[in-house]
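Structural overview
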Amino acid sequence: MVFASNPLALSVPEPAFESWLRDSGYLEVLDHNTSLAAEDFAGDTPSWSRAFIGSFGSYSFPSSSAQARLRVHENVKRYARNYAYLFILFLACALYQMPIALVGLISCLAIWDFFKYFDDKWRLDQYPITRQCLLRLAQCVTAVILIYSNVQMALFCALSVSYAGMILHAAFRKLTPTKQSPLIGRGR
């Protein structure tokens, strides 16, 4: 076993780490707990340069489909916030490329803000049938605007690109930390 530049970080060869995971039953735990939970988004966002992107040595081809599955499960949990930020970035890029979808989305947000404003101003909670009719009308107008402005296509493009990027990053990103070079961080 080799110690990295951080004395508390222990670097274990990847095959040994994977066999330990298999022997300890951790892979079966992953198979039963595969869904994203709110706790995955509650922690701090890992740094983009060091933790998320890492160095060239942070990536390798998975040796088996089980290793790829393990990497994807763990890295999706580890970098959930980074992947969510990337989705927002890709959605913003897709909306920038599709200005009619952007106008449609902003129009829908304005309709709901308008509805909320007049719901409070006119006290529509005292008139539940009128409120329900106006609510259904706002929902229908929103659906028509979203469909005709192709917002669903912008969402589909952003989801496709971010999902592909997430799967590729998560599958090729190693779980074990890379060894730090002794020259990193030192002046010459």
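These numbers come from a predicted model, not from an experiment.

A separate point is the overall build of the protein. In terms of regular secondary structure, the protein is built from nine helices and two strands. Helices (α) and strands (β) of the protein occur, in sequence order from the N terminus, as β-β-α-α-α-α-α-α-α-α-α. Relative to its 188 residues, the protein shows a buried fraction of 26%. Sequence separation of at least 24 residues holds for 81% of the intrachain contacts in the protein that already meet a minimum separation of 6. When the accessible area of the protein is evaluated, it comes to approximately 13,000 Å², of which 68% is carbon and sulfur surface.

Side chains that are nonpolar tend, in soluble globular proteins, to be buried together. Grouped together as the largest cluster of nonpolar side chains are eight residues: Phe52, Val72, Val76, Tyr79, Tyr83, Met166, Ala170 and Ala171. Listing elements by their share of this core, those giving two or more residues are α5 (65–78) and α9 (151–172). For this core, the element with the highest residue contribution is α9, accounting for three residues. Setting aside its immediate chain neighbours within four residues, Tyr79 contacts Pro46, Ala51, Phe52, His169 and Arg173. Judged by nonpolar contacts, the second largest core, of seven residues, contains Leu91, Ala94, Ala101 and Val151.

Let us now look at the UniProt feature "transmembrane region" (unreviewed entry) in the protein. Per the UniProt entry, the sites bearing "transmembrane region" (unreviewed entry) are residues 83–112 and 153–172 in this numbering. Along residues 83–112 the backbone is 97% helical and 0% strand, and the end-to-end C-alpha distance reaches 28 Å.

In the structure shown here, the tally under the stated rule is two salt bridges. One salt bridge in this structure joins Lys116 and Asp120, with 3.3 Å as the shortest N-O distance. Highlighted residues: Lys116 and Asp120, both in helix α7 (residues 99–121), separated by four residues, approximately one helical turn. A residue is classified by how much of its surface remains accessible, and Lys116, at 47% relative accessible area, is partly exposed. Among the ionic pairs, Asp119 bridges to Arg131, the shortest N-O distance being 3.2 Å. Of this pair, Asp119 sits in helix α7 while Arg131 sits in helix α8 (residues 128–148), and the two are twelve residues apart along the sequence.

Time to look at the packing of helix α6 (residues 80–97) against α9. Helix-helix packing is characterised by the crossing angle of the two axes and by the distance between the axes. As a packed pair, α6 and α9 sit with axes 8 Å apart at the nearest point and diverge in direction by 145 degrees. When you trace α6 past α9, the crossing you get is right-handed. Only Ala154, Leu155, Ala158, Leu159, Val161, Ser162, Met166, His169 and Ala170 of α9 make contact with α6, whose side of the interface consists of Tyr83, Phe87, Phe90, Leu91, Ala94 and Leu95. Class assignment of the residues belonging to the contact of α6 with α9 gives a composition of 13 nonpolar, two polar and no charged.

Now for the confidence of the model for the protein. Of all residues in the protein, 78% have pLDDT values of 70 or greater, and the mean over the chain is 83. Contacts from residues 1–9, a stretch scored under 50 in pLDDT, to residues over four places away or in other chains number nine contacts. Throughout residues 181–188 the model reports pLDDT below 50, and contacts reaching past four residues in sequence, or to other chains, amount to one contact.

Scoring rules and cut-offs
- Here the residue index of a chain counts from 1 through its sequence in written order.
- At least 70 in pLDDT is required for a residue's local features to be given in this predicted model, at least 80 for side-chain atom pairs to be given and counted, and no such filter applies to totals for whole chains, interfaces and linings, which use all residues.
- Side-chain calculation: all heavy atoms of the structure are included, whereas hydrogens and water are not.
- Think of it this way: any DSSP run of H or I at least four residues long counts as a helix, any run of E at least two long counts as a strand, and we number them from the N terminus.
- To sort residues, take the accessible area from a 1.4 Å probe on protein chains only and compare it with the maximum for the residue type: under 20% means buried, over 50% means exposed, and anything in between is partly exposed.
- Whether two residues are in contact is decided by their heavy atoms: any pair within 4.5 Å suffices.
- Accessible surface area values rest on a Shrake-Rupley calculation with a 1.4 Å probe, where residue burial reflects the displayed protein chains alone.
- Among the buried residues, those of types Ala, Val, Leu, Ile, Met, Phe, Trp, Tyr and Cys that are joined through side-chain atoms within 4.5 Å form a nonpolar core.
- UniProt positions are given in the numbering used here, feature names are shortened, and annotations may be inferred rather than shown by experiment.
- Throughout this description, the term salt bridge denotes a Lys or Arg side-chain nitrogen within 4 Å of a carboxyl oxygen of Asp or Glu.
- Fitted lines through C-alpha atoms give the axes, limited to the stretch in contact for helices. The angle between two N-to-C directions lies from 0 to 180 degrees.
- Left-handed is the label given to a crossing in which the near helix is rotated counterclockwise from the far helix by less than a right angle, and right-handed is the label when the rotation is clockwise.
- Gly counts as polar in this scheme, as do all residues outside two lists: the nonpolar Ala, Val, Leu, Ile, Met, Phe, Trp, Tyr, Cys and Pro, and the charged Asp, Glu, Lys and Arg.
- Scored from 0 to 100, pLDDT records how confident the predictor is in each individual residue.

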